[in-house]
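Results of the structural survey
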Amino acid sequence: MPNYNFSPQEMIVVAGARVLENNKVVFAGTGLPMVAITLAQLTHAPGIIPVFEAGAVGPTLNRGLPLSVGCSRTTSKAMYLQGLNAAFELAQRGFCDFGFIGGAEIDMYGNLNSTMIGQFPEAYRRPQLRLPGSGGASDMAASCERTIVIMSHEKRRFKERLSYRTSPGYLDGSPDARQRAGLLGQGPYRVITSRAILGFDEATRRMKLLATMPGETVASVQEHTGFELLVDDNVYPYEPPTQEELRLIREEIDPRGYFIGRKG
Amino acid sequence: MDWTGLSPDEARKLLVNKDKSKRDKRMDLARAVATFVRDGDNIGIAGFVNSRQPVAAVHEIIRQAKKDLTLSFHSAGLAVEYLAGAMALEESSCTIKRLEFAYWGIELFGISPMLRYLAENGKVELEDWSNFNMSARFKAAAMGLPFMPCRSPLGSDVMKANRAKLMDCPFTGTPVVLVPACHPNVALIHVQEADMYGNCRIEGPLFTCPEISMAAGYTIVTCERIIDHEEMVRDPNRINIPFFAVDAVVEVPFGAYPGNCHSWYYFDEIHIREFRSAGEAFRKGHKDSLRSYYNRYIWGVRDTDGFIEQIPYRQLKHIQQIELREFQLMRSQN
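Everything in this summary refers to the structure shown in the same document. (Residues numbered from 1 in each chain as written. Chains lettered and ligands numbered in written order. Predicted model: local features only at pLDDT ≥ 70, side-chain atom pairs only at ≥ 80, totals over all residues. Heavy atoms only, no water.)

**Focus on the nonpolar core**
Of all hydrophobic cores here, the largest spans 195 residues; its most connected members are L20 of chain A together with L71, Y82, L99, W104, I220 and Y294 of chain B. The element contributing the most residues to this core is helix α4 (residues 78-89) of chain B, with 10 residues. When sequence neighbours within four positions are dropped, the list of residues in contact with W104 of chain B reads P132 of chain A together with F73, A76, G77, V80, E81, A84, L99, S112, M114, L115 and L118 of chain B. (Core = buried A, V, L, I, M, F, W, Y, C linked by side-chain atoms within 4.5 Å. Buried < 20%, exposed > 50% of the residue type's maximum accessible area, 1.4 Å probe, protein only. Helix = DSSP H or I, 4+ residues; strand = E, 2+ residues; numbered from the N terminus. Contact = heavy atoms within 4.5 Å.)

Spelled out as structure tokens, the structure:
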């Protein structure tokens, strides 16, 4: 792979920012989603309204990048400041256009695992690897109108079968599976990884390759995916970050490099 | 239905028979924990991940070696990590029997070595929920209702290993999840300001602290400072927890350290990393650094003052300044 002047995390953040539309309400978890939202606010989408599950709605994030969705920096100039119930009730009511989530594993229907690796339910109480748990991810997956998933793109994470389904995507992919389950939002909209931008086929709900990140090809993305991807007819090479996007990330948003890995 | 803390009927009865008068509830933390926390209790852990975690109260529970605890929380980091570390080092001291939770991790600092240790060795009963599920469970309890309908986690495996019930809504006919009320025996809550009667004023996100205080049988509040009652009632809209939902008021400066306490101090990244890496070393079989951490900061001191006295002044000054200054000013200084 050629030597690019940006890290995989920077590419993910830039893609996450670009996919966001102006004047939308975005429910975001800790980490890269916060960087992406801030970048979008500083570029094409100044009207984005962030919602953090711990309680802050619509802050300007000008006190520095929050290190947690519950930390002090989420409240600067917030326009509503309550707690978890209020935040999730907003999502359930339909106020949140996008939810930004992640997980340790994803399947072809956009279902995510952030709970455990091992046999479920047999080994639930003694898993091979215990992960932190749902947090608010399954709530966002259930109730935000559309979700954007950020993933590290490795074969062991893009799996045919999840150990445990924490956050619902299109479930088994059958028509209207989400509606029948009682879920409100439309489901996963984009999966953004270090290797690709992916979406979901309208008919089959299967994950579909839309664009390849710099240095990747359709074949290399498939090679790092543990199930067969659909490939969009118009698959294209994704535009790398601009110098201005990189400057904003490195100098304005995350100057200490908390969430953005630096090229060594 | 097995109620793991108080059943709704027990919770109602306990409250009805409680003295709800407006009286001085100040006491020291050792007495508050000795009075209100019992072996076998279900403990509601307030705060959120590493923010306003009841660290001081948890350290005292460790010193008093409470056993067979059930911990109920949505997202927690430091408080539960400390309890689990004590159990991992000395199973004869503090023990956790069961977890009812949505997220246990140290967020930016990494996943939790202690949750991995407990879960992967089969040392605790687990019951996973989502954050909204847990906050809705506390809210149901605070409302005096046995359950709350909720959209999540429909379609998730989260429901296959907990006590949530799926039903068709009697009005729309579509599926909803019912999550059972969570009435902890005792709640641990850290706030910025309280008066002597227990009225609390919270800065920043409320998390689920008000609901947890009303859900629990007893509530121990630790606060950065006790303020005059007249000052508190000057702005009644700013009282987030009313006095009769509180049983003990303990002034503990730095009571959420090394976590974040909005408007008072930010995370101490240095200390959190020190504690987490000792836990990670323990999980990998090197037990000494975690033991010396506990000996130095928890078992070897009498109270939170003894813990904070050992933190370098410059570290404390730094985390206070982050809260006091605009970020731009901080950056131009560094």
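**Considering the interface of chain B and chain A**
With 61 residues of chain B in contact, the opposing surface of chain A contributes 60 residues. Buried surface at the junction of chain B and chain A, summed over both partners, amounts to about 4900 Å²; 53% is from carbon and sulfur atoms. Along the contact surface separating chain B from chain A lie 2 salt bridges. One salt bridge in this structure joins R130 of chain A and D128 of chain B, with 2.8 Å as the shortest N-O distance. (Buried area = accessible area lost by both parts, 1.4 Å probe. Salt bridge = Lys/Arg side-chain N within 4 Å of Asp/Glu carboxyl O.)

**Observations regarding the packing of helix α2 (residues 32-42) of chain A against helix α7 (residues 243-253) of chain A**
The geometry of a pair of packed helices is captured by two quantities: the angle between their axes and the separation between those axes. Residue and element names in this part refer to chain A. One way to put it is that α2 packs onto α7 with a least axis distance of 10 Å and a crossing angle of 115°. The crossing of α2 and α7 is right-handed. On α7, the residues that touch V35, T38, L39 and L42 of α2 are E245, L248, I249, E252 and I253. Taken together, the residues that form the contact of α2 with α7 break down as 6 nonpolar, 1 polar and 2 charged. (Axes fitted to C-alpha atoms, helices over the stretch in contact; angles between N-to-C directions. Left-handed = near helix turned anticlockwise from the far one by under 90°. Nonpolar A, V, L, I, M, F, W, Y, C, P; charged D, E, K, R; others polar.)

**Section: the environment of F200 of chain A**
Among the structural elements, F200 of chain A can be located in strand β12 (residues 196-200). Once the C-alpha coordinates of F200 of chain A and M108 of chain A are considered, the two residues, 92 residues apart in sequence, prove to be 8.6 Å apart.

**As for empty space enclosed by the protein**
Within this structure, the stated rule accounts for 4 cavities of 30 Å³ or more. Estimated volume of the largest cavity: approximately 40 Å³. Along the walls of the largest cavity sit G70, C71 and S72 of chain A together with S51, R52, E203, P205, F207, N260, C261 and H262 of chain B, which together make up its complete lining. Classifying every residue of the lining of the largest cavity by side-chain character gives 4 nonpolar, 5 polar and 2 charged. (1 Å grid on protein atoms, 1.4 Å probe; cavity = no way out; pocket = protein on both sides within 12 Å on 5 of 7 lines; lining within 4 Å. Points joined across faces, edges and corners; volume = space filled by probe spheres on them.)

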